[in-house]
Amino acid sequence: MSSMENQNRTILLLFSWIFMVATMVAASTTIIPVNVGVVVDLDEPSGKMYLSCIEMALSDFYAIHADYKTRLVLNTRNSNGDVVGAAAAALDLIKNVEVKVILGPVSSMQASFVVNLGEKAHVPIISFSATSPSLTSPRSSFFFRFAQNDLNQVKAISGIVQNFGWRRVVPIYVDNMYGEGVIPFLIDALQDVDAHIPYRSLIHELATDDQIEKELYKLMTMQTRVFIVHMMPNLSSRLFAKAKEMGMMSEGFVWITTNSIGNNLRSMASVLDSMQGLLGVETYIPRTLKLRQFISMWKKQFQQDNPKIIDVELDAFGLRAYDAAFAVAMAVEKVANAGFKFQKRNASSFNSHYGSKLSHALSIINFKGMAGDFNLVDRQLQVSTFKIVNVNGYGPRTVGYWTPENGRVVKRLKSTRNGTKSTSKCDLRPIIWPGESLSVPKGWEIPINIGTKLRIGVPMREGFQEFVKVTNTSTNTVDVTGFSIDVFKAVLEILPYALPYDFVPFAIANGSTYNDLVYQVHDGKFDAVVGDITIRANRSLYVGFTMPYTESGVVMVVPIQDKRTKSAWVFLKPLTWDLWMTTLCFFIFIGFVIWVLEHRINDDFRGSPSHQVGTSFWFSFSTMVFSQREKVVSNLARFVMIIWIFVVLIVTQSYTASLASLLTVQQLQPTITDIDDLLRNRDNVGYMTSSFVYDLLRQKGFHASRLKDYGAMEEIDEALSKGSANGGIAAIVHETPYMKLFVAKYCSKYTMIGPIFKTDGFGFIFPKGSPLIPDVSQAILNLTEGEKIMNIEDEWMKKENNCKDPSTEKFYSNSLGLESFWGLFLIAGVASVFALLIFATSFLHKHKQVLMSSDSRASKWKRIRTIFKIFNEKELSSHTLKSSRHEARIAGAPDHEVNASPNNNWPESPFSYTNQTDATSVFYGEQETPSHGQASPEIVPTFELAAFTNQEMHATPEIAQERV
């Protein structure tokens, strides 16, 4: 029984083994091999490192996805480190092996050639280390970049430059496509942060140590001390070794490397000693637990496969190669699952169809890779975070980060993730700079160690040597003094560093101008220019200016003379013509107003028309000296006179004071106050020799024949003394500092008018973009805010004892104008009009029955005439007339003299004996007048009755009895 069981068990095991073998054979027949090409430089440790990462990636991938029916078969080719080798390897893989994808090549130059082959063969080319921005062109839909674009890291580098405020940077890059591809983008990024590139240092990839030393020596002769290195690690190792040997890794120097070096710093341990203090930009890869485990496994595997290679570190490009292999395996499986067959075919349509399918599958791959999130946009990996490292000791140390979200370097990434932006200028961890210095280098130095000093040009001219004076000493040396020189030396004392220099005279004569001196800096013959150089827009196109250290503007200097008027019409001078005319008009107007208000109740303002006009004018003008003898009796007239007398008092007192000043006080005023007067008079105008003021005057409209140039102050004084009519000049036009100096010497004869043109004053000149400009400008601001600049000015621009500061001299007209009195005249005018309105309203209201009569026989014109007749008559009911008649009768005066004015020898008006009722009776009587003009018999009794009734009924009993 037991033997039978054993036999059955043996048969069962045999059948199980047969079934297992059959299953494995069936499974093996379903595996689809897919050929994939790998092009790397196997002669370099980095190439073997990339291949190792790709092999481990496929091993890990299929260990996880054992059920996948596709398997990538690697076909490796050696590029031999050059373009031709890479192109030949890719062509062999495409033509002979019929690979479906090529991973590599490593460099950007190799990738540029291989991309064209992949485009023609419809084979996707995947580069995990080519970073040149020139490969971003959409010329091929079969090129994929699984590496970080250098276009992103130039912004990180410019962020470092901006963070420390450096203004000049020199790039050092390899002379090939890889090096040159990033430079245009680097220049743009630096310009965005106001940094300039004065020089580009190219080093050939096969350069010898002597050639590298020669290029570094050239850099030492320059002022810039900030260098950006962009090249492969093997060439950069030689560069830094030679730089340290020449003393360029000492204090004051700044070295910044791109990620081509930064990503490989850990594998360059043998040369790190010569790279102490540099800053490197490194691709940021999160240090996850999965990554740390993989690095440990990779080191063991790589050392086992390559026992002779030591000190090889896994870099970001190796991790990208790992992720690239993962992505290709996933894409191939997706295409296979879509029903595509991977057997060999000779038809080109197969490659085209398959290449398009695979390219599409690669474009949409998205997973969590070893180097971080794997996400493609336009066939390029979207990674833009960089780590800033500082080489110190035995390796790089992280000091900060840069992300596009923040836009600046930051100390920690969490500040960026929280959405906060850095505002600190140095938001980085402490940095140990070259030479083990802890202070931030200023980014430039004067190369003293090779015996170089700044060559500073100074103008040498005949006139105005108070600004710059050049003299030759007995020892055949040049002594330079002057206001501008003292200001420059005072500025250097404020600078926090020494600035060695030599003054080099430049003659402003024989046709040479200040523009020629300025261009010497642009041409590189001078390192700077110090002197009386005006800041001009056309000059700033070629050189850089500091802040001005003098006053700005172009002024006009003219002779002054005593303006005390000695003519017969000097009495008209105190007031302007508009004030004279306004005063005259108001005298007439006030006389008219007083006549209107006083005519009916004051005998002094009655009589014949000529008498009334004369009296009114006499009364009004006599108020000027307060000698009026006519009395005003109405309250309205008194109100007007109170205000008018106050106005007259103010005007007359002002007139008296101004006239006294004209006749007694010495008034030194300019002969010309406006440059347009020189144009209208066609006067000669002077300017300084070789000055830009000539162009300004020509633009103003002056003819060339009217412009004369002068060089010395004595010549200008002589020409101004002659005057334009005698062959001299009427004015000299030049910049404020020069004319201020001239007026200080001849202040008793000339004065300064202006400024008439705008300029920015004197400034020091340096090459455009010079790092000295901001430091010197800051020092000038500190100097001009203190007392030292005033002391320097007083020393070189001494004034005569009786001189006043011409900058405070302002000349005004001595005549009083209407603008000083219009308020008084306004008050007087409003008061007079107000009084007239009250009088007119009261008068018309009293005689409204004349205007509002319903008698159709009375026309409007007749009613108005009647109103004027009533106005021309005495208002006998007025208390003033009553009292005067009563006094006259008591004195026994005849009746015809009772109504006469005591001051009037003229007969009374024909209507003087009528009043309101009389005029009304006449108005109604005239309506019955026959057409032939004869008076009606009934009119006279009515007229007499009305006259009697209205005049005598209200009289005193005595007067009434006398009338009867």
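Note that this is a predicted model, so its numbers are computed, not measured.

What counts and how
- Note on numbering: residues in each chain are counted from 1, in written sequence order.
- Local features are withheld for residues below a pLDDT of 70 in this predicted model, meaning they are given only at 70 or higher, and side-chain atom pairs are given and counted only at 80 or more; totals for whole chains, interfaces and linings count all residues.
- For side-chain calculations, the full set of non-hydrogen atoms in the structure is used, while hydrogens and water are omitted.
- Helix and strand assignments come from DSSP, with helices taken as H or I runs of at least 4 residues and strands as E runs of at least 2, each series counted from the N terminus.
- Burial here depends on accessible area, computed with a 1.4 Å probe over protein chains only, as a share of the maximum for the residue type. Under 20% is buried, over 50% is exposed, and the range in between is partly exposed.
- Contact between two residues is taken to exist if any of their heavy atoms lie within 4.5 Å; hydrogens are not considered.
- Note on areas: Shrake-Rupley, 1.4 Å probe, and residue coverage restricted to the protein chains presented here.
- Method remark: on a 1 Å grid restricted to protein atoms, a set of points is classed as a cavity if a 1.4 Å probe fits but cannot get out and as a pocket if it is open with protein on both sides within 12 Å along at least five of seven lines; lining residues have an atom within 4 Å of a point.
- Grid points are joined across faces, edges and corners, and a volume is the space filled by probe spheres set on the points.
- Each residue gets one of three labels, nonpolar for Ala, Val, Leu, Ile, Met, Phe, Trp, Tyr, Cys and Pro, charged for Asp, Glu, Lys and Arg, and polar for the others, Gly among them.
- Between the first and last residue of a helix there are one fewer steps than residues, each counted as 1.5 Å, and that sum is the expected span.
- Positive charge is attributed to Lys and Arg, negative charge to Asp and Glu, and no charge count is given to His or to the chain ends.
- When a carboxyl oxygen of Asp or Glu lies within 4 Å of a side-chain nitrogen of Lys or Arg, that pair is called a salt bridge.
- Scored from 0 to 100, pLDDT reflects the predictor's confidence in each residue.
- Centres within 6.5 Å make a pair out of two Phe, Tyr or Trp rings, where for Trp the six-membered ring is used; the pair is then stacked when the planes are under 30 degrees apart, edge-to-face when over 60, and tilted otherwise.
- Whether a charge sits over a ring depends on NZ of Lys or CZ of Arg being within 6 Å of the ring centre and within 35 degrees of the ring normal.

## Quick word on the overall build of the chain
Stage number 1. Scanning the chain from terminus to terminus reveals 32 helices and 29 strands.
Stage number 2. Split into buried and exposed, the 964 residues of the chain put 49% on the buried side.
Stage number 3. Relative to all contacts within the chain whose residues are 6 or more apart in sequence, the contacts with residues 24 or more apart total 72%.
Stage number 4. In the form shown here, the chain has an accessible surface area of approximately 47,500 Å², with 56% of it arising from carbon and sulfur atoms.

## Regarding empty space enclosed by the protein
Stage number 1. Under the criterion given, the structure shown has four cavities of 30 Å³ or more.
Stage number 2. Considered class by class, the residues forming the lining of the largest cavity number four nonpolar, five polar and four charged.

## Points about helix α14 (residues 483–494)
Stage number 1. For α14, built from 12 residues, the straight-helix expectation of 16 Å at 1.5 Å per residue is met to within 8% by its first-to-last C-alpha distance of 17 Å.
Stage number 2. Within α14, burial applies to F483, S484, I485, V487, F488, A490, V491 and L492.
Stage number 3. Buried positions along α14 lie against β17 (454–460), β19 (478–481), β20 (501–507), α23 (772–784) and α24 (788–796).

## Concerning the layout of surface pockets
Stage number 1. In this structure, the largest pocket spans a volume of roughly 1,200 Å³.
Stage number 2. Lining the largest pocket are 46 residues; nearest its centre among them are E44, S46, M232, P233 and N234.
Stage number 3. Elements that contribute at least two residues to the lining of the largest pocket include exactly α2 (45–64), α4 (108–121), α8 (233–245) and α9 (259–262).
Stage number 4. Its residues assigned to classes, the lining of the largest pocket comprises 19 nonpolar, 18 polar and nine charged.

## Quick word on the side chain of N264
Stage number 1. Take N264: it is sitting in the loop between α9 and β10 (279–283).
Stage number 2. Under the relative-accessibility criterion, N264 is labelled buried at 11%.
Stage number 3. Setting aside residues no more than four positions away along its own chain, N264 makes contact with P233 and D315.

## A look at the side chain of R539
Stage number 1. If you trace the backbone, R539 turns up in the loop between β21 (528–529) and β22 (543–545).
Stage number 2. Of the side chains bearing the opposite charge, E735 lies closest to the buried R539, which forms no salt bridge; the N-O distance is 6.7 Å.
Stage number 3. For R539, the contacting residues outside a window of four places in its chain are Y514, N515, V518, I533, T534, F545 and F692.

## Quick notes on unusual backbone geometry
Stage number 1. Along the chain, G104 connects to P105 via a cis peptide bond; the corresponding omega equals -5°.
Stage number 2. Here P105 shows up in the loop between β3 (101–103) and α4.
Stage number 3. Phi angles above zero are rare outside glycine, and D194 is one such case at about 65°.

## Some thoughts on the environment of I172
Stage number 1. Here I172 is to be found in strand β6 (residues 170–174).
Stage number 2. By relative accessible area, which is 0% here, I172 ends up buried.
Stage number 3. Expressed as a C-alpha distance, the spacing of I172 and E215, which sit 43 residues apart in the sequence, is 9.6 Å.
Stage number 4. Ignoring any residue separated from it by four or fewer positions in sequence, one finds I172 in contact with S201, I203, L219, F227, I228, V229, H230, M231, L239 and W255.

## Focus: the environment of I650
Stage number 1. Mapped onto the elements, I650 comes out in helix α18 (residues 635–664).
Stage number 2. Of the residues examined, I650 reaches a relative accessible area of 29% and is grouped as partly exposed.
Stage number 3. Each C-alpha atom of the pair I650 and F821 lies 8.8 Å from the other, and the pair is 171 residues apart in sequence.
Stage number 4. Beyond its immediate sequence surroundings of up to four residues, I650 is in contact with F821 and L824.

## Focus: the confidence of the model for the chain
Stage number 1. Of the residues in the chain, 80% have a pLDDT of 70 or more, and the chain-wide mean is 79.
Stage number 2. Note that residues 806–813 has pLDDT below 50 and, in this model, 11 contacts with residues that lie over four places away or in other chains.
Stage number 3. Every residue in residues 896–964 is under pLDDT 50, and counting partners more than four places away or in other chains gives 82 contacts.

## Describing the packing of aromatic side chains
Stage number 1. Within the structure shown, the criterion is met by 43 aromatic pairs.
Stage number 2. Where F146 meets F374, the ring centres are 4.8 Å apart and the plane angle is 85°; that geometry is what we call edge-to-face. Here F374 lies in strand β12 (residues 372–377) and F146 lies in the loop between β5 (143–145) and α5 (150–164), a separation of 228 residues in the sequence.
Stage number 3. The buried category is assigned to F374, whose relative accessible area is 2%.
Stage number 4. Measuring from centroid to centroid gives 6.2 Å for Y746 and Y750, while their planes differ by 80°, and the two rings are edge-to-face. With respect to burial, Y746 and Y750 carry one shared label: buried.
Stage number 5. Within the aromatic cluster, the residues linked to one another by ring pairs are F61, Y62, Y68, F144, F146, F294, Y322, F326, F367 and F374.
Stage number 6. Its guanidinium or amino end placed over the ring of W444, K442 lies 5.3 Å from that ring's centre, counting from NZ or CZ.

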